[in-house]
Amino acid sequence: MSGREGHLVELVDDGGRAHGAALVSAAHQPPGRLHRAFSVLLVAPDGRVLLQRRAAAKTRFPLRWANSCCGHPAPGESPIEAANRRLGEELGAGPVDLTEVGVYVYYAEDPATGRVEFEYDHVLRADVPADVPLRPDPDEVAELRWVDPAALEADLDVDPRAYAPWLGGVVNRLLRPSAGTPGPSAAPAGLPADDASERSGGR
């Protein structure tokens, strides 16, 4: 086992209360164990958001477009502290001011790798300059692009398999912060609830 697969994640209940820990690798084996995660969206002054295409080496949903950065806090670590650490590791970005805009509980199965995502996802927003310096790690990130979030929502309906299955819910929390009540929610736009290969209960 190498890299972050050997790190610990914080196991939580449906209300986000911690009740233990597990290795990243174990938490993502079927049927999955609900654990704390975060998803960051960097937002430019014109409202566009930064997407990253996940590197081919990723163990879950490789080469899919996803939000700017995501990951797992260590047990006892705050999502904002963990998110700024991962922004530096993945994108070479300095610490930013992050605001939580909602929580998203979701379940998704990766048909390509057999891994699962079952996460209590803190959705975090940071407003950044248009010329924010970025130095993406090629082991983490294949490509970057800035997109209009409303256009992204529409494209999630047209071509959902190009995107990580949690992205629809993350963008929904950005555009509609009041939707971020903790707890299971309906499948996000672009992900039919009866899709056997990528079921989603809410990221």
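One can find the structure itself at the top, above this paragraph.
Residues numbered from 1 in each chain as written. Predicted model: local features only at pLDDT ≥ 70, side-chain atom pairs only at ≥ 80, totals over all residues. Heavy atoms only, no water.

**Q** Can you walk me through the pairing of strand S1 (residues 8-12) in this structure?
**A** Within a regular strand, the side chains alternate between the two sheet faces. Burial analysis of S1 places four of its five residues in the buried class, the great majority of the element. Sheet topology note: the S1/strand S2 (residues 18-23) ladder contains five bridges and is antiparallel. Considered in S2, the bridge of Leu11 is made with Gly20. Linking S1 back to S2 in an antiparallel pair, the connection comprises five residues, with Gly16 at a positive phi of about 85°. (Buried < 20%, exposed > 50% of the residue type's maximum accessible area, 1.4 Å probe, protein only. Helix = DSSP H or I, 4+ residues; strand = E, 2+ residues; numbered from the N terminus. Pairing = 2+ DSSP bridges.)

**Q** Even after reading the chapter, I still don't get the environment of Glu77, so can you show me in this structure?
**A** Inspection of the secondary structure assignment puts Glu77 in the loop between strand S6 (69-71) and helix H2 (79-91). Under the relative-accessibility criterion, Glu77 is labelled buried at 14%. Between the alpha carbons of Glu77 and Val9 there is a distance of 9.8 Å; along the sequence they are 68 residues apart. Once residues lying within four places of it in the same chain are set aside, the contact partners of Glu77 are Ala82 and Arg85. (Contact = heavy atoms within 4.5 Å.)

**Q** It is not clear to me how the side chain of Ser68 should be interpreted in this structure. Could you clarify?
**A** As for its position among the elements, Ser68 is in the loop between strand S5 (65-66) and S6. Within the structure, Ser68 has its side chain in polar contact with the backbone nitrogen of Leu42 (distance 2.9 Å). Other than its neighbours up to four places away in sequence, Ser68 contacts Val40, Leu41, Leu42, Leu50, Gln52, Glu90 and Leu91. (Polar contact = N/O pair within 3.5 Å; in protein donor to acceptor, adjacent residues only side chain to side chain.)

**Q** I'm lost on the nonpolar core in this one. Help?
**A** It is characteristic of soluble globular proteins that their nonpolar side chains tend to be buried jointly. Ranked by internal contacts, the top residues of the largest apolar core, which has 23 residues, are Val49, Leu51, Leu152, Tyr163 and Trp166. With residues near it in sequence (within four places) discarded, Leu51 still touches Trp65, Ala66, Asn67, Glu143, Leu144, Arg145, Val147, Leu152, Tyr163 and Leu167. Judged by nonpolar contacts, the second largest core, of 17 residues, contains Val40, Ala83, Leu87 and Ala93. (Core = buried A, V, L, I, M, F, W, Y, C linked by side-chain atoms within 4.5 Å.)

**Q** Even after reading the chapter, I still don't get the environment of Pro136, so can you show me in this structure?
**A** For Pro136, the position within the fold is in the loop between strand S8 (116-127) and strand S9 (141-147). Here Pro136 falls in the partly exposed class, since its relative accessible area comes to 36%. Ignoring anything within four residues of it in the chain, the contact list for Pro136 reads Glu90, Leu91, Val141 and Leu144.

The values reported here are purely geometric and, on their own, carry no functional implication.
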